[in-house]
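# Structural overview
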Amino acid sequence: MPSLILHVDESLDYIFKKLDVNLIEKNITDIIINELDAEKDNCQIIWVQSKIFNSNYKLYGEIKFREKKSRDVNKRESCLKKIGDILKNEFNVFVRLRAFSIKEAYITALDLKD
């Protein structure tokens, strides 16, 4: 379930178009798999072009995942730090990331496939 939503300020559009987004996503997915003990098929990265007002952080991200014993505070912090380092280096901007763990008892989900 780990789902990372990245809000990228529209002023970074020219950088975004030059980047190898597939490689960035692969590297971030590898971090999520290793740090949060996640399965590759359950990882999602969603890029959202945004207009960020009054903030020095032009890239904002939220990662949500099901709570697990193996996903302790140190693992979550390490995951955010590693993802943040990649994004900061690629975009050369300040990055703000947040992590939210969700108890499975409160999740209702639906996956539609062909």
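Residues numbered from 1 in each chain as written. Predicted model: local features only at pLDDT ≥ 70, side-chain atom pairs only at ≥ 80, totals over all residues. Heavy atoms only, no water.

### Details of the nonpolar core
If you look at the biggest cluster of nonpolar residues, it comprises 28 residues, and the most contacted ones within it are Ile28, Ile32, Trp47, Ile83, Leu87 and Phe91. Where this core is concerned, the elements lending two or more residues are β1 (3-9), α2 (21-35), β2 (44-50), β3 (57-66), α3 (73-91) and β4 (94-102). The biggest single contributor to this core is α3, with six residues. The residues contacting phenylalanine 91, other than those within four sequence positions of it, are Val8, Leu12, Ile15, Phe16, Leu19, Trp47 and Leu59. (Core = buried A, V, L, I, M, F, W, Y, C linked by side-chain atoms within 4.5 Å. Buried < 20%, exposed > 50% of the residue type's maximum accessible area, 1.4 Å probe, protein only. Helix = DSSP H or I, 4+ residues; strand = E, 2+ residues; numbered from the N terminus. Contact = heavy atoms within 4.5 Å.)

### Looking at the pattern of salt bridges
For the coordinates displayed, the defined rule picks out seven salt bridges. Two residues, lysine 17 and aspartate 13, come together in a salt bridge whose shortest N-O distance is 3.2 Å. Residue lysine 17 and its partner aspartate 13 are located together in helix α1 (residues 13-18), separated by four residues, close to a single helical turn. (Salt bridge = Lys/Arg side-chain N within 4 Å of Asp/Glu carboxyl O.)

### A short note on the pairing of β1
Where burial is concerned, most of β1 is hidden: five out of the seven residues are buried. Pairing of β1 with β2, which is carried by seven bridges, proceeds in the parallel orientation. Note that in β2 the partner of isoleucine 5 across the bridge is isoleucine 46. Judged from the six bridges that link them, β1 and β3 form a sheet pairing that is antiparallel. When the sheet's bridge partners are listed, valine 8 is paired in β3 with leucine 59. (Pairing = 2+ DSSP bridges.)

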